[in-house]
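What the coordinates show
Read off the chains here:
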Amino acid sequence: MKLEKLLPAVLAAALLGPVAMADTPRQLAWADLVPKAGTLDEALAKLTRDQLAALAELASVRDRQARGEKLTAADVADEEALSRKLDQAGVDVEDLLARRRELAAKRLAQKNAVDPALNGKLVRIPGYLLPLEFSGKAVSEFLLVPWVGACIYTPPPPPNQIVHVRTGKAFEMSSIFMPVWVTGQMSTGATKKSLYLIDGTSDIDIGYSMQATEVEPYKQ
């Protein structure tokens, strides 16, 4: 093939390649919707396993005391022994207890947090749908959840494990126990939706939403 005939084909491939890649959805697992867990503070990471266990036990006694529980003589003796043991090892107990509380608070907040990097991304994710807007078996708005029966037979998952989905083309649902693949553009941001249950309605906290371009039965 002559060079002048080859160049247009090469240029077309170069131009179309990025578009094709951009149109390929990122396949997600539900764990991908949870931000990475915080790592141990550097000072905590330097402790041995025994020292971390002693610090955790000491923190448990202090927490019970802070809640107003009456400590037994054995509890007080344990607290003094643990503090002495850590002091002798050169551990700044009060500083590390404060760091430990801060890390625990961050991890607790993270359980409900969403990943901002997913905002605006084209994704594909499997799950089970809970209809919000439907006509017969045709569903146009639903909640996507990671396990069958979530919110109905079991307590709702955390907000970052629920996706509010709208779709322009209604999906014919044969059963709420039927898993599906959903493809579309993901958005982040806290919302609430009222879900009808057997004993009434319940407001569900949601961390993600999606404008679906395709809903299809789940296949491996």
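Residues numbered from 1 in each chain as written. Predicted model: local features only at pLDDT ≥ 70, side-chain atom pairs only at ≥ 80, totals over all residues. Heavy atoms only, no water.

Notes on the overall build of the protein
Helix and strand content of the protein: five helices and six strands. Element order for the protein, N to C, with α for helix and β for strand: α-β-α-α-α-α-β-β-β-β-β. Looking at the 220 residues of the protein, the share that counts as buried comes to 32%. If you sum the accessible surface of the protein, you get close to 13700 Å²; carbon and sulfur atoms cover 56% of it. (Helix = DSSP H or I, 4+ residues; strand = E, 2+ residues; numbered from the N terminus. Buried < 20%, exposed > 50% of the residue type's maximum accessible area, 1.4 Å probe, protein only. Areas by Shrake-Rupley, 256 points an atom, 1.4 Å probe, with all protein chains shown as cover.)

Quick look at the packing of helix α3 (residues 49-66) against helix α5 (residues 93-110)
Taken N-terminus to C-terminus, the directions of α3 and α5 make an angle of 80°; their axes are 11 Å apart at the nearest point. The orientation of α3 relative to α5 falls into the category roughly perpendicular. Of α5, the residues touching α3 (which contributes Leu 55, Ala 56, Leu 58, Ala 59 and Arg 62) are Val 93, Glu 94, Leu 96, Leu 97 and Arg 100. (Axes fitted to C-alpha atoms, helices over the stretch in contact; angles between N-to-C directions. Parallel < 35°, antiparallel > 145°, perpendicular 65-115°, else oblique. Contact = heavy atoms within 4.5 Å.)

Digging into empty space enclosed by the protein
Under the definition given, this model contains one cavity of 30 Å³ or more. The space that makes up the largest cavity amounts to roughly 40 Å³. The element that contributes the greatest number of residues to the lining of the largest cavity is strand β2 (residues 122-135), accounting for three residues. Looking at the lining of the largest cavity, its residues break down into seven nonpolar, one polar and no charged. (1 Å grid on protein atoms, 1.4 Å probe; cavity = no way out; pocket = protein on both sides within 12 Å on 5 of 7 lines; lining within 4 Å. Points joined across faces, edges and corners; volume = space filled by probe spheres on them. Nonpolar A, V, L, I, M, F, W, Y, C, P; charged D, E, K, R; others polar.)

Observations concerning the packing of aromatic side chains
Across all of its chains, the model carries one aromatic pair by this definition. Ring plane angle 20° and centroid distance 5.2 Å describe the contact between Trp 181 and Tyr 218, whose orientation is recorded as stacked. Residue Trp 181 is found in strand β5 (residues 179-197), and its partner Tyr 218 is found in the segment after β6 (200-217); the two are separated by 37 residues along the sequence. Geometry around Trp 181 places Arg 124 over its ring, the cationic atom sitting 3.9 Å from the centre. (Phe/Tyr/Trp six-rings, centres within 6.5 Å; stacked < 30°, edge-to-face > 60°. Lys NZ or Arg CZ within 6 Å of the ring centre and 35° of its normal.)

Considerations on the side chain of Asp 75
If you trace the backbone, Asp 75 turns up in helix α4 (residues 73-88). Setting aside its immediate chain neighbours within four residues, Asp 75 contacts Val 61 and Arg 64.

Here we look at the pairing of β2
Judged from the two bridges that link them, strand β1 (residues 26-27) and β2 form a sheet pairing that is parallel. Looking at β2, one finds that Gln 27 is bridged to Arg 124. Across seven bridges, β2 lies against strand β3 (residues 138-145) in antiparallel orientation. Bridging across to β3, Phe 134 finds its partner in Val 139. If you look at the hairpin formed by β2 and β3, you'll find two residues sitting between the two strands, and Gly 136 has a positive phi there, around 65°. (Pairing = 2+ DSSP bridges.)

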